[in-house]
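Tertiary structure, described
Here is what each chain is made of, one letter per residue.
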Amino acid sequence: FLFNRLQESKVRRRAERAFGEKPADILLGETTAPARSHGGAAPPPKAEPTMAPPAIPEAEPPAERIDHNLGLPMPPALPTGAGPLHDPRVDGIATLVMSAAHPAEAILRHAEALLAEVERPVRWEGLDEATEQWVVLDPNESYQSIRAGLQLVDRRGQITDAELTRAFACLQELAGTLAGELHLPSRTETLRTAQRIDVFCSAVDVQIGLNIVKRDGSAFVQTRVRQVAEASGCVLGRDGRFHRRAPNGGESFYVAHLAPTPKLAAALTVVLDVPRVPTANTSFEAFREFAFQLARSLDGQVVDDNGQPIQAAALDAIGLEVDGIRARMTAEGLDPGDAIALRVFA
C-alpha cells in the first residue's frame, strides 16, 4: 500500500510538470458567435475578433485529468511543443500517457472504433522518444505517449457542448482500454476558444461567384463547356466541377453549373473560394479575366444574380473586398489557402 501511494505521488508530480502550464489562448474577443453555414459569410461582429495572443489570466482552471493507472511507472515530463498535425488555434488537444508502449496500428484500431460516433475530425500524434518530438503516428512503430487533436471549427460552425462531451467520453474510454493517464483540456475554455475562432472565420468566409449565361438565352452544351474549360487549363473533378489549378498544385478557382432561378436561366458560375485559395495562386484580376474569357468562348456574357450584365465598377469593388479579406487573414496569422485554412474552411 505504501509503495503504491509513493508511486501515485510521483506520477502526480510528473503530470503537474508536464501539463500544469496551460497553453495561452491566442484568440481574443468575447463576442457570441453567429450561426454559420457552408459558403457565404456572416456579418462581422461589432468587436472584431483577433487571433493574437491574449493576456494570460491570473488563475486558469486546471485541465481535466483521468488516471486509469495510478501506481504504475510513467515516463518523464512530456514536451508541450506543437506537432505536425495540431494547431492550438483550431484543435482541442488531449494527451494520453500509457504505462507501456503500444503499436500505433493497435492504438488507431481502438481509437477508430471508439471515436466512430464523433463527427469532428480527430488527428493523432505520437511522441518519438529518441527526438522528444511529436510526430505523425507510424503504423510500424510503438508509442507510450500520444495526443489527439479534435478540430473545433469548420464550415458547419463550431463544435457544440454535446459534441465535445461525447468526444471526451470516447477518449476516456480509450484511456481505459489502453490503461493510460488521460489529460483533457478544460471543456469551458475549449468551447470559448471554438466560439472565438468561429466568429473570426465567419467574418472572412467569402466565396465570389461570377455567373455566365448564353446571350440567346439557350442552355450551354456540356461537351462544348468541357472543351473550352479544358482548353483554358481546367480539369474535370469528381464533384462534376472544372477546377483550375495553380502551378504549385493548389486550386485557383472552379467552374460549376448553376441551377436555374426565377431571375437567372441555366448558367455557369466561376467561383473564387477566398479563404481557401493562396494569394500567390490567383489574383482577383486573373479570376475576373478568366470568367470573361470563358464567356466570350461560349458566346455568353457575365451577369449578376438578377441576370443583368455586371458593371466594371461593381467588379472593382468586389476586388477590393477580396484584397481586404486576404490582408485580414494574413495579419491574423491565418494565410489564405494554408493547411489550417483548408481545414477550417472545409
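Only a predicted model underlies this, so the values are computations on that prediction, with no experimental measurement involved.

1. Quick look at the packing of aromatic side chains
- Taken as a whole and assessed by the stated rule, the structure comprises 3 aromatic pairs.
- Ring geometry for F253 against F290: centres 4.8 Å apart, planes inclined by 45°, an arrangement best described as tilted. Within this pair, whereas F253 is found in strand β12 (residues 251-258), its partner F290 is found in helix α6 (residues 284-297), the two being separated by 37 residues in sequence.
- On the numbers, 5.7 Å between centres and 50° between planes, the contact of F284 with F287 is tilted. Taken together, the positions of F284 and F287, both in helix α6 and 3 residues apart, correspond to about one turn of that helix. Per residue, the accessibility class of F284 equals that of F287, and both read buried.
- One aromatic cluster in this structure is built from F253, F284, F287 and F290.

2. Re the nonpolar core
- Grouped together as the largest cluster of nonpolar side chains are 71 residues, with contacts concentrated most on W124, L171, I208 and V270.
- Of all the elements, helix α3 (residues 161-177) adds the most residues to this core, at 7 residues.

3. So, the environment of A280
- Mapped onto the elements, A280 comes out in the loop between β13 (267-273) and α6.
- On a C-alpha basis, the gap between A280 and A246 in space is 8.8 Å, while along the polypeptide they are 34 residues apart.

4. Details of unusual backbone geometry
- A positive phi angle, near 55°, is found at E132, a position not held by glycine.
- With respect to the element layout, E132 can be found in the loop between β3 (122-128) and β4 (133-136).
- Of note, the phi angle at D299 is positive, near 55°, even though the residue is not glycine.
- Within the secondary structure, D299 sits in the loop between α6 and β14 (300-303).

Definitions and limits used
Residues numbered from 1 in each chain as written. Predicted model: local features only at pLDDT ≥ 70, side-chain atom pairs only at ≥ 80, totals over all residues. Heavy atoms only, no water. Phe/Tyr/Trp six-rings, centres within 6.5 Å; stacked < 30°, edge-to-face > 60°. Helix = DSSP H or I, 4+ residues; strand = E, 2+ residues; numbered from the N terminus. Buried < 20%, exposed > 50% of the residue type's maximum accessible area, 1.4 Å probe, protein only. Core = buried A, V, L, I, M, F, W, Y, C linked by side-chain atoms within 4.5 Å.

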